[in-house]
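Coordinate analysis (summary)
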Amino acid sequence: MVPGASAYVPNGSAIAVDGQAQWIARSFGRPELAPLGSDDIESLARLLREEHYPAGATIFRMGEAPTRIGIVRRGAVELSRDLNGRRVMLQILRTGDAVGDVGVFLRITAPYDGMALEDTLILTIDSVRFHRLLEQQPRLAGRWMTSVSNRLSSYQARLMEVLAGGLEAQVASVLVHRADHGLVKLSQSSIAELVGGNRSSVNRVLKRLEEQELLLARYGEIQILDRASLEKIAGLR
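Residues numbered from 1 in each chain as written. Predicted model: local features only at pLDDT ≥ 70, side-chain atom pairs only at ≥ 80, totals over all residues. Heavy atoms only, no water.

**Description of the pairing of strand β11 (residues 215-218)**
Note that β11 and strand β12 (residues 221-224) share 4 bridges and pair antiparallel. Bridge assignment links L216 to a residue of β12, and that residue is Q223. Linking two consecutive strands that pair antiparallel, namely β11 and β12, is a turn of 2 residues; a positive phi of about 80° is found at G220 within it. (Pairing = 2+ DSSP bridges. Helix = DSSP H or I, 4+ residues; strand = E, 2+ residues; numbered from the N terminus.)

**Digging into the sheet that holds strand β8 (residues 113-116)**
Taken together, the 4 strands give an open sheet; going across it, the order is β3-β8-β5-β6, and neighbouring strands pair in antiparallel fashion. A single partner strand is all that each edge strand has here, and the edge strands are β3 (58-60) and β6 (86-94). Here the strands of the sheet are splayed against their neighbours by 35° on average, with no regard to which way each runs. Two strands pair when backbone bridges link them, and β3 and β8 are joined in this way by 2 bridges, in the antiparallel orientation. Pairing of F60 across the sheet is with G114, part of β8. Helix α7 (residues 188-195) contacts β5 (76-83) and β6 of the sheet and is inclined by roughly 105° relative to β6. (Axes fitted to C-alpha atoms, helices over the stretch in contact; angles between N-to-C directions. Contact = heavy atoms within 4.5 Å.)

**As for a nonpolar patch on the surface**
Taken together, the side chains of V102, F105, L106, I108 and V148 make up a nonpolar region of the molecular surface, amounting to roughly 390 Å² of accessible area. Along the chain, I108 turns up in the loop between α3 (101-106) and β8. (Patch = residues over 30% accessible without salt bridge, like charges linked within 9 Å, V, L, I, M, F, W, Y side chains within 5 Å. Areas by Shrake-Rupley, 256 points an atom, 1.4 Å probe, with all protein chains shown as cover. Salt bridge = Lys/Arg side-chain N within 4 Å of Asp/Glu carboxyl O.)

**Brief notes about the side chain of D40**
Considering the arrangement of structural elements, one finds D40 in helix α2 (residues 38-47). In terms of polar contacts, D40 uses its side chain to reach the backbone amide nitrogen of G37, at 2.7 Å. In this structure, D40 is in contact with Q137, R139 and L140, ignoring residues within four places of it in sequence. (Polar contact = N/O pair within 3.5 Å; in protein donor to acceptor, adjacent residues only side chain to side chain.)

**Structural notes on helix α5 (residues 138-162)**
For α5, spanning 25 residues, the distance from its first C-alpha to its last is 36 Å, which sits close to the expected 36 Å at 1.5 Å a residue. Three or more residues of α5 are buried, namely L140, R143, W144, T146, S147, R151, A157, R158 and E161. (Expected span 1.5 Å × (residues − 1). Buried < 20%, exposed > 50% of the residue type's maximum accessible area, 1.4 Å probe, protein only.)

**Digging into the pattern of salt bridges**
Applying the stated criterion to the full structure yields 13 salt bridges. Of the charged contacts, one joins R87 and D82 as a salt bridge, the two residues approaching to 3.3 Å between their closest N and O atoms. Its salt-bridge partner being E118, residue R94 comes within 3.9 Å of it at the nearest N-O pair. Of this pair, R94 sits in strand β6 while E118 is found in the loop between β8 and β9 (120-126), placing the two residues 24 residues apart along the sequence.

**Remarks on the nonpolar core**
Residues V171, L175, I191 and L206 are the most contacted members of the largest nonpolar core, which totals 24 residues. The set of elements that each furnish at least two residues to this core consists of β6, α6 (167-178), α7, α8 (199-211) and β12. The greatest single-element share of this core, amounting to 5 residues, is contributed by α6. Excluding residues that lie within four positions of it along the chain, I191 makes contacts with V171, L175, L186, V202, L206 and I222. If you look at the next biggest cluster of nonpolar residues, it comprises 23 residues, including A25, L36, I69 and F130. (Core = buried A, V, L, I, M, F, W, Y, C linked by side-chain atoms within 4.5 Å.)

**Re α8**
Helix length check: α8, at 13 residues, gives a terminal C-alpha distance of 18 Å against a target of 18 Å (1.5 Å per residue), a fit within 8%. In the core, the buried residues of α8 are packed alongside α6, α7, β11, β12 and α9 (227-233). E213 occupies a position one or two residues after α8 and carries a positive phi of about 60°.

Shown next, in the form of structure tokens:
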């Protein structure tokens, strides 16, 4: 995380951080595949710190070595970088996603920038203490493995988006993979960055899909009306 970022532990911190550790036990990775014990939760609570980033704030920069690993508790984090003179969005992390851990595991620097897309709260742990924690708490190490596996699956889906074909297929794939209860909370600019296109071209695609009554585009979000047809356009059926 960027030095000097807004970091805090609120009043009543022992209770607050313990509650965050309880949330991780319920929501991070795949709880049903790797349940945690009370000792795992207590160990987590002792090491957690809350870091708050307002929308637009830089969380880390490409080339930085991670000193803390984090879990997105609230908000969204854009992972992006410049490629051939244009800004490309590689992924968007949301609640329950981890950030920085792969860099810590492999001892590599960040290959992209991280920026808060909206008001974001990240729960972080010092990287050295994180390594010791996983060595001492095998159930927690197992849970972290399910998180890494989940992200590998999401990266495979992201690759499918990039290779989906034409722009219409790519846009449809982005919408299908990011819909939450039929709603995609992404701006048209963000969709354009995800597919490597320009905003005007994406806007034309969305209008065509809207005319076919497959979706309803609103400011900052898109409502999916016909998921099956979008999956067919994306080549997922």
